[in-house]
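Analysis of the macromolecular model
Here is how the chains run, residue by residue.
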Amino acid sequence: MPASVNRQIVLRRRPVGMPTPGDFELVESPLPAPKDGEILSRTIYLSLDPYMRGRISGARSYAQSVEPGQVIVGGTVGLVLESRCPGLARGDVVLGYAGWQSHAVAAGAAVRKLDPGVAPVSTALGVLGMPGMTAYVGLLDIGQPKPGETVVVSAASGAVGSAVGQIARIKGARAVGIAGSQDKCNYVVGELGFDACVNYKRGDLGVSLREACPGGIDVYFENVGGDVLRAVMPLLNMNARIPLCGLISEYNATETVPGPNLRPLLFNRVLVKGFIVSDHLARLPDFLKDCGGWLREGRLKHREDIVVGLEKAPEAFIGLLEGKNFGKLLVRVGEDPTR
Ligand SMILES: NC(=O)c1ccc[n+]([C@@H]2O[C@H](COP(=O)([O-])OP(=O)(O)OC[C@H]3O[C@@H](n4cnc5c(N)ncnc54)[C@H](OP(=O)(O)O)[C@@H]3O)[C@@H](O)[C@H]2O)c1
């Protein structure tokens, strides 16, 4: 007996801090009817993902918010009940973005037909879907692990993290997970084959992470932020890479989280790469030519803050740390015959 109503979960009000059931509301509406080029599907699987916390908050993000009264967004695997789209037929299973509802109409072009013979269709929302793809591109294109390097991933037993560590192992790297229970850690090591996993809720994370990563960390795949990132920082090796994927420990924060706000780096796809100028000495001739020319032409301005007398050096230096200098701080220890 086909259903005659569409059951939907809409956002009732924006959560403050950790969402509560009262923030959501179940409503019913008539089944929608597909137009030309569209399908009607019945949802089989709805993916629940951390990014949804961002969608139901009103905060500026990289994607549009769900407004109160609207169906919560989400990836879905659905069964086509009716098709007015060439290439899709009743009974097909499709990957789509129907959101938190039992039925949905979608443009045929907005869904992808799945082959249940290739893999269980649910995997299209997980290991062969958005989370798996996130792990794959984040690790391989940004993290670029090399054989023998140590890759650490937080939220290691989760959809993204579990794939990250395993792909790292496939590429010949050591994989170390960070997860929130001993059961999860046992799974990560015993089932997934990570080399180690640290329970961040037990003991001193910095100490146990150091023990798990005696050679330091070459790639940190960041899913969590906050205290976990803080513990990772001192262990980062020269030329380490951090694919900044998620900051789940902050998603329910009601106040500014202490420390630098990393969200703009994530949302704006900012690349963070350390550098030391002495590695770039080959650029010295270009630098002198360009900046010397601009200085002579008056196009490059500068200011000097000159303290006279070597004895003033300590005070001047302390002043520098307090921001008292204004311009390039110099100590004139002796006369400058050229001025
Ligand atoms: N940038 C992108 O395009 C993109 C795409 C997909 C996902 N992501 C991000 O990837 C991360 C993982 O997503 P997922 O889908 O794989 O979820 P998931 O790991 O399957 O589930 C979330 C896990 O995060 C951990 N967690 C929750 N609150 C935490 C807290 N306060 N501190 C530390 N850990 C906490 C929990 O594991 P423990 O018990 O181990 O703490 C939880 O099981 C999220 O940050 C998500 O936003 C980003």
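Structure's up top.
Residues numbered from 1 in each chain as written. Predicted model: local features only at pLDDT ≥ 70, side-chain atom pairs only at ≥ 80, totals over all residues. Heavy atoms only, no water.

This next bit is on the site of the ligand. If you check the shell around the ligand, you find 19 residues, and the closest are Val160, Gly180, Lys184, Tyr200 and Tyr251. In this structure, an oxygen atom belonging to the ligand sits 2.8 Å away from a main-chain N or O atom of Gly180. The contact in question runs from an oxygen atom of the ligand to an N or O atom on the side chain of Tyr200, over 2.6 Å. Computed on the free molecule, the ligand has an accessible area of 910 Å², of which 73% lies beneath the protein chains in the complex. At the level of secondary structure, the elements contributing two or more residues to the shell around the ligand comprise α2 (130-143) and α3 (159-170). (Near = heavy atom within 4 Å. Polar contact = N/O pair within 3.5 Å; in protein donor to acceptor, adjacent residues only side chain to side chain. Areas by Shrake-Rupley, 256 points an atom, 1.4 Å probe, with all protein chains shown as cover. Helix = DSSP H or I, 4+ residues; strand = E, 2+ residues; numbered from the N terminus.)

Turning to the sheet that holds strand β9 (residues 174-179), a few remarks are in order. Across the sheet, 5 strands lie side by side as β10-β9-β8-β11-β12; this open sheet has parallel pairing. With one partner strand each, in any of the chains shown, β10 (196-199) and β12 (236-241) form the two edges of the open sheet. Strand-to-strand twist of the sheet, defined as the mean angle between neighbouring strand axes without regard to direction, takes the value 30 degrees. Strand direction decides the pairing type here: strand β11 (residues 217-221) and β12, joined by 2 bridges, are parallel. Pairing of Ile217 across the sheet is with Leu236, part of β12. (Pairing = 2+ DSSP bridges. Axes fitted to C-alpha atoms, helices over the stretch in contact; angles between N-to-C directions.)

Locating Val188 in the fold gives a position in helix α4 (residues 182-190). For Val188, a relative accessible area of 0% corresponds to the buried category. Aside from chain neighbours lying at most four places away, what touches Val188 is Ala156, Ser157, Gly193, Phe194 and Cys197. (Buried < 20%, exposed > 50% of the residue type's maximum accessible area, 1.4 Å probe, protein only. Contact = heavy atoms within 4.5 Å.)

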